[in-house]
Amino acid sequence: MAAVVKYPGGVKDVHVITDRSSSDASPPDAERLRLAQADSGEQDWRAWGPYLSERAWGTVREDYSEHGTAWDYFPHDHARSRAYRWNEDGMAGVCDDRQTFAFALALWNGKDPILKERMFGLGGDGGNHGEDAKEYWWYEDSTPTHSWMRWRYHYPQAAFPYDELVAVNALRGRDDTEYELVDTGIFDDDRYWAVTVDYAKASPTDLCMVVTVANRGDRAATLHVLPTLWFRNTWAWGLPGGDRIPRLTGEGTRLVGEHRVLGQLLLEGDGGPVPLLCDNDTNAERLWGLPGRSPYPKDGINDHVVNGAPTVNPAREGTKGALHYVLDVPAGGQRQIRLRLTRTASPPAAAPPPPADLRDGFEAVVWARRAEANRFFAGVIPEAATPDEALVARQAIAGLMWGKQFYHFDVKRWLDGDPGSSPPPAGRRHGRNSAWWHMTSFDVISMPDPWEYPWYAAWDLAFHCVSIARVDPGFAKEQILLLLREWYLHPNGQIPAYEWAFGDVNPPVHAWAALKVFEIDGGKDFEFLGRVMHKLLLNFTWWVNRKDTGGNNVFEGGFLGLDNVGPFDRSAALPVAGVLEQSDGTGWMAMYALNLLDMAIVLAEHDGTWVDTATKFFEHFLYIAAAAYEQGLWDDEDAFFYDVLRLADGTKVPLKVRSVVGLLPLAATTRLTAKTLHRLPELGARLRWFLTNRPEYAQVIGTRRLGPDGRQQRLLSMVGQDQVVRLLAPMLDPDEFLSDFGLRTLSRAHLDKPFSVTLGGQEFSVGYEPAESTSGLFGGNSNWRGPIWMPTNFLLISALRDYAAFFGDDLQVEYPTRSGVKRSLDEIADDLSARLISLFTQDDWGRRPIYGAARLFQTHPDWRDLIAFPEYFHGDNGAGLGAWHQTGWTALIADLILTLRR
């Protein structure tokens, strides 16, 4: 099947990939074989992947300003003209795992003032609720080795309303909703391009690509398509030995690249495109009125296509090149382009590359990889899952895979500046991240969101790994270990939080995630667990030494990821002299101690030297759990945990905010079986000693009952049996935390009764806000004052299953509270999972709650099955909020589906 394509210089056929049944012959479990080859080093199937960020502008790495104003220093308007220092960005992008080269798609509808080379959005200073992407794209599919991937984008045919989006959002306050692209009406008449890119690997460094351009409008239209290949600029910084410039050459319908390390690259397309070449160097004249390094700078292709300027190299040489297609597409029609990107030779690669196969061999690769992907996911997603649940799970995993990004950041060099550049401002030596001079990143890392959060976050990454382990445990384990390596972990033992402030404190969930990944992987990789354990011993010690100010086993920690959850900023200086003792900080540390206890028990099976470590963390847990009660974090009258402000004179002020802060202690629980105590008699002896000589600890280790094997088991829990039942009452109350779509982060009781406290002559309050916060804390771009968040829901559901494993069906609680119906904890965990899953799946009217009142997303057949994975969700109606591609921890929905339908 072929379609006619018009291009500058003539007309040729472009062959269309038609779908075939996944029953076509292909090796069984071919994707698992590729994973095994990648893990063993036999073939590096992960060498090329979607590691190119959707946004590199407005990031800390690229910020060399005096006052750390990243969004101002490198705005979107500079991105097309200014070479990046530390990374690259683009649409539907791929690169190698060192980002030596980058490939992405550029488009032009003939009306926009610039090429669409990257996604547009507002910076933290432009959105009324923080940074916000203003485009619509989706990650539809990806296998873990990226042997098969699919990306989708909807591009308006009318001029993109850049100025309108900026102006209207600037006029809106925190009480207003964000003004989105769909609100402009630009999609109302279906005049847009649905652009899909399919990727299929013929080998680890041979990538077949099919670009499908569909005209959804009622009129014929023209679209310029520019598949673009370039080398990351590493030659402009004056680094020793780094000044050798690679080269791209346009030859007929292809681009040929030469790089001293990578070798020879070939990008070839069918249909007769015209190669356009410039250099990936800054247009200093446009930006600052200064002479630049190249007469054909980074924005040369943009200026040539949009304005007809003579800004591409007539010699067809440079370091950035595009194959320029001009596609005339009838109303309702589509056109396809075949492309092949191949590493054709190792250095020095002097001979010209042979022509790329863009016909039968190409077609066979695409069909095979798609069929193998279907087989792979059929083995991952249970048959009991509904087709809609399977669609959600597969797209969630796709988002995780596309969220893997190349991350390069040498903090010392960033602080010092490059030899070939002006030195950074003097204040940088004492400003952001200056204490993290040791850190050198040059890795592929799973990011929270490729546009809004194109930099890793420690606790996000831990949650990512749990879902990643379902499809690629090797990569999940590598990611868990990565932030514990010596070039990340601070010499004092702190895990870096995130790029904006590595020294901030994220919850200590690395041990929990390591255990989850270990179990999902089959529970046999003791070397992995031991490596994690050694490094986490350093990190646990850092917590004990740095975040227990009073030495009383009650912990602080600041915002701990839950920014905006309390009446004041928990990371900033307190409004009065004192210390904020945190229920979540203490709960996290109790959970951390139990996680390390569990890890030590597993390791002690094979190495008896870990027994002493197990008893150490057993005791540490007891001290922390008991201290929560002794220091007043537990309010027995309210049956809830609260933060307590300990003033300089010793007075304690409980901050009675009913939030997820008070529920997180539920997650600090594990079981000690008779088998474990028999195998580790030292641990059993220590437990008995405490029961005999320290009876005050009985409430956290005293609960015991017969297990499924008929032998005694003990519950170690920060929340004893009586407290569990009492604490679950508000958690499962529809008037407080329980919503139709999961657990809110703040009790709905605060809607009518906001919490208020006067400190230092100032009044601080917090009320229930189910959607975006009206508070300016943390820039107002995050909100834990009511919405539903996936990670905390996931932890609490996991805790319920842990309690259920101990109590079985013997412990039943009212669910929902005041309903008169009692259910087991496993049944409650199942129902909470189903509520969260229902955020994404179609209801009886065919609507997905995540899309709220957005009619286009709810009813249009071209939009409704493209799933977004929002950062958080409206606490009452489930509408998606925050970052739109937060597939990192929101991909936990896939794990919930797999667990519920197993």
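Everything here concerns the structure above.
Just so we're clear, the structure is a prediction, and the values are computed from it rather than from any experiment.

(A) Structural context of the overall build of the chain. Regarding its fold elements, the chain presents 24 helices and 37 strands. Across the 902 residues of the chain, 64% fall into the buried class. Restricting the contact set of the chain to residue pairs at least 6 apart, pairs at least 24 apart contribute 72%. Element-wise, carbon and sulfur atoms account for 49% of the exposed surface of the chain, whose accessible area totals about 31,400 Å². Treating the 90 positive side-chain charges of the chain as one cloud and the 119 negative ones as another, the clouds have centres 3 Å apart.

(B) A look at the packing of aromatic side chains. In this structure the tally under the stated criterion is 64 aromatic pairs. A ring pair is formed by W459 and W588, whose centres lie 6.1 Å apart and whose planes are at 80°; its orientation type is edge-to-face. On the criterion of sequence distance, the pair formed by W459 in helix α10 (residues 458-468) and W588 in helix α14 (residues 583-604) is long-range, its members being 129 residues apart. Residue W588 is classed as buried on the basis of its relative accessible area of 1%.

(C) Representation of the sheet that holds strand β27 (residues 669-673) in the model. Strand order in the open sheet formed by three strands is β27-β29-β28, with antiparallel pairing between adjacent strands. A single partner strand is all that each edge strand has here, and the edge strands are β27 and β28 (704-706). Looking at each pair of strands side by side, their axes are set apart by 30° on average, direction ignored. Pairing between β28 and strand β29 (residues 712-717): three bridges, direction antiparallel. Within β29, the residue paired with R705 across the bridge is Q713. Packing of helix α20 (residues 790-807) onto the sheet brings it into contact with β27, β28 and β29, and relative to β29 it is tilted by some 155°.

(D) Spatial organisation of the pattern of salt bridges. On inspection of all chains with the given rule, the structure shows 56 salt bridges. In this structure, R646 engages E581 in a salt bridge whose closest nitrogen and oxygen atoms are separated by 2.9 Å. Of this pair, R646 sits in strand β25 (residues 643-647) while E581 sits in strand β22 (residues 578-581), and the two are 65 residues apart along the sequence. Through salt bridges with shared partners, one network takes in E31, R34, R369 and E372.

(E) Highlighting the layout of surface pockets. Within this model, the largest pocket holds a volume of roughly 1,200 Å³. Along the walls of the largest pocket sit 40 residues, with K516, E519, D598, R671 and D802 positioned nearest its centre. For the lining of the largest pocket, the secondary structure elements donating two or more residues are α12 (510-520), α14, β27, α16 (674-679), α20 and α24 (892-900). With eight residues, the top contributor of residues to the lining of the largest pocket is α20. Residue composition of the lining of the largest pocket, by class: 19 nonpolar, nine polar and 12 charged.

(F) Structural detail: the sheet that holds strand β10 (residues 192-203). The nine strands are arranged β8-β9-β10-β11-β19-β15-β14-β13-β17 in an open sheet whose pairing can be described as antiparallel. Across the chains shown, the open sheet's two edge strands, defined by having one partner strand only, are β8 (137-142) and β17 (317-318). Where strand β11 (residues 206-215) meets strand β19 (residues 334-345), nine bridges bridge the pair, whose relative direction is antiparallel. Counterpart to A214 in the pairing with β19 is Q334. Sheet strands touched by helix α7 (residues 360-378): β8, β9 (148-156), β10, β11 and β19. Its angle to β10, the strand with the most contacts, is close to 90°. Helix-sheet contacts for helix α8 (residues 387-402) involve β8, β9 and β10, and the interaxial angle to β8 is about 100°.

(G) View of the environment of V660. Mapped onto the secondary structure, V660 falls in the loop between β26 (652-655) and β27. Take V660: its relative accessible area is 2%, and that puts it in the buried class. In this structure the C-alpha to C-alpha distance between V660 and T745, which are 85 residues apart in sequence, comes to 4.9 Å. Every residue in contact with V660, bar those within four places of it in the chain, is listed here: L562, F737, T745, T792 and L796.

(H) Structural detail: the environment of D141. Inspection of the secondary structure puts D141 in strand β8. Look at D141 and you get buried, because its relative accessible area is 8%. For the pair D141 and R370, spaced 229 residues apart in sequence, the C-alpha separation works out to 9.8 Å. Filtering out sequence-adjacent residues up to four positions away, D141 remains in contact with W148, M149, R150, F377, R394, A398 and W402. A distance of 3.1 Å separates polar atoms of two side chains, one belonging to D141 and the other to W148. In terms of polar contacts, D141 uses its side chain to reach the side chain of R394, at 2.8 Å.

(I) Fine view of helix α1 (residues 30-40). Of all the residues in α1, the buried ones are A30, E31, R34, L35, Q37 and A38. Down the axis of α1, the buried side of the element spans an arc of 165°, and every buried residue falls inside it. As for α1, its buried residues are in contact with α7. Phi turns positive, to about 85°, at G41, one or two residues after α1.

(J) Highlighting the pairing of strand β16 (residues 274-278). For β16, the buried fraction is high: five of the five residues fall into the buried class. Side chains of β16 alternate between two faces, with V274, L276 and C278 and P275 and L277 buried alike.

(K) Focus on the side chain of D733. For D733, the position within the fold is in the loop between α19 (721-731) and β30 (738-739). Discounting residues that sit within four places of it in the chain, D733 has contacts with L738, T817 and R818.

Definitions and limits used
- Residues numbered from 1 in each chain as written.
- Predicted model: local features only at pLDDT ≥ 70, side-chain atom pairs only at ≥ 80, totals over all residues.
- Heavy atoms only, no water.
- Helix = DSSP H or I, 4+ residues; strand = E, 2+ residues; numbered from the N terminus.
- Buried < 20%, exposed > 50% of the residue type's maximum accessible area, 1.4 Å probe, protein only.
- Contact = heavy atoms within 4.5 Å.
- Areas by Shrake-Rupley, 256 points an atom, 1.4 Å probe, with all protein chains shown as cover.
- Lys, Arg positive; Asp, Glu negative; His and termini not counted.
- Charge placed at Lys NZ, Arg CZ, Asp CG, Glu CD.
- Phe/Tyr/Trp six-rings, centres within 6.5 Å; stacked < 30°, edge-to-face > 60°.
- Pairing = 2+ DSSP bridges.
- Axes fitted to C-alpha atoms, helices over the stretch in contact; angles between N-to-C directions.
- Salt bridge = Lys/Arg side-chain N within 4 Å of Asp/Glu carboxyl O.
- 1 Å grid on protein atoms, 1.4 Å probe; cavity = no way out; pocket = protein on both sides within 12 Å on 5 of 7 lines; lining within 4 Å.
- Points joined across faces, edges and corners; volume = space filled by probe spheres on them.
- Nonpolar A, V, L, I, M, F, W, Y, C, P; charged D, E, K, R; others polar.
- Polar contact = N/O pair within 3.5 Å; in protein donor to acceptor, adjacent residues only side chain to side chain.
- Arc of directions from axis to C-beta.

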